[in-house]
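Listed here are the chains, written in short residue letters.
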Amino acid sequence: MTEQVFQDMVASEEELRALCGFPSELVNNKAITSIDRHCRDFIFRTPLVFVATSDSAGYCDVSPRGDLPGFVTVIDEQHLVIPERPGNRRFDTLRNILDNPRIGLIFIIPGLEETLRINGQAVIIKDQDILKQSESFGKIPVLGIGVKVEECFIHCAKAFKRSRLWDAASWPPAQELPVPAVILAEHTKKLGVSVEQIALGLKESYEKRLY
């Protein structure tokens, strides 16, 4: 099916390199294998991390995890924990981890265009002594994502510069933004739930079930 749509595809790394070149020595040597003091500080200041996983068949998922800065717990130079706050209970990330422990993380700090990337192996943890460190509003998460770090490195700012993500002047007016309740109503129209009902349900979830 893909071949019917795309006719001129890159088929090898050799062809890719011929078209786009090779990384610099700085890029080739920037990855480290543990959480040093710089990475720890970056993680401590992060309110948002994107979590990439896949199942054993290679089907991928990327899901955000966010909270106040410091919500990710660094255990030591090789391990960190991301608390699992209440969500929609699809458990795409957690089911993937059960199937395939490989994980990729991108840590984002508002206003900073460079990001921190961490790759490694993940498990789902229930350790209450660890999870208690992620207590918020009197609630301790039931589960967490424990990560054994294999690779850490700073990712350059080009994507953020091109997107102008942190430049408020580039943001679209609020009235031009997509309306999630309208999209959900259209995507689930076989259920016969109205836009108003979905909007009310989202509002209640955000107000009462964040933790």
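The coordinates are above.
Residues numbered from 1 in each chain as written. Predicted model: local features only at pLDDT ≥ 70, side-chain atom pairs only at ≥ 80, totals over all residues. Heavy atoms only, no water.

Asker: So what's going on with helix α2 (residues 13–20)? Which residues, and what values?
Answerer: The element α2 is barely covered by neighbouring structure, given that only zero of its eight residues are classed as buried. Of the residues trailing α2, G21 is marked for its positive phi of about 90°. (Buried < 20%, exposed > 50% of the residue type's maximum accessible area, 1.4 Å probe, protein only. Helix = DSSP H or I, 4+ residues; strand = E, 2+ residues; numbered from the N terminus.)

Asker: Explain the packing of aromatic side chains to me, and be specific about the residues and the numbers.
Answerer: The final tally for this structure, using the stated rule, is two aromatic pairs. Between F137 and Y211, the aromatic rings sit 4.9 Å apart at their centres with planes inclined by 45°, giving tilted as the arrangement. Here Y211 lies in the segment after α9 (195–208) and F137 lies in the loop between α6 (128–131) and β7 (143–155), a separation of 74 residues in the sequence. The exposed category is assigned to F137, whose relative accessible area is 69%. (Phe/Tyr/Trp six-rings, centres within 6.5 Å; stacked < 30°, edge-to-face > 60°.)

Asker: Tell me what's going on with the nonpolar core, and back it up with residues and numbers.
Answerer: Grouped together as the largest cluster of nonpolar side chains are 24 residues, with contacts concentrated most on I43, L80, I82, L105, F107 and I118. Among the elements of the structure, α4 (37–44), β1 (48–54), β4 (79–84), α5 (92–99), β5 (102–108), β6 (115–125) and β7 are those that each provide at least two residues to this core. In terms of residues, this core owes the most to one element, β7, which gives four residues. Ignoring anything within four residues of it in the chain, the contact list for I118 reads I43, L80, I103, G104, L105, F107, V149, E151 and C152. (Core = buried A, V, L, I, M, F, W, Y, C linked by side-chain atoms within 4.5 Å. Contact = heavy atoms within 4.5 Å.)

Asker: Which residues make up the pairing of β7, and what are the values?
Answerer: Inspection of the sheet shows β4 paired to β7 by six bridges, in the antiparallel sense. Across the sheet, V81 pairs through a bridge with G146, a residue of β7. The pairing of β6 with β7 spans 11 bridges and is antiparallel. Among the inter-strand pairings, A122 is bridged to a residue of β7, identified as V147. (Pairing = 2+ DSSP bridges.)

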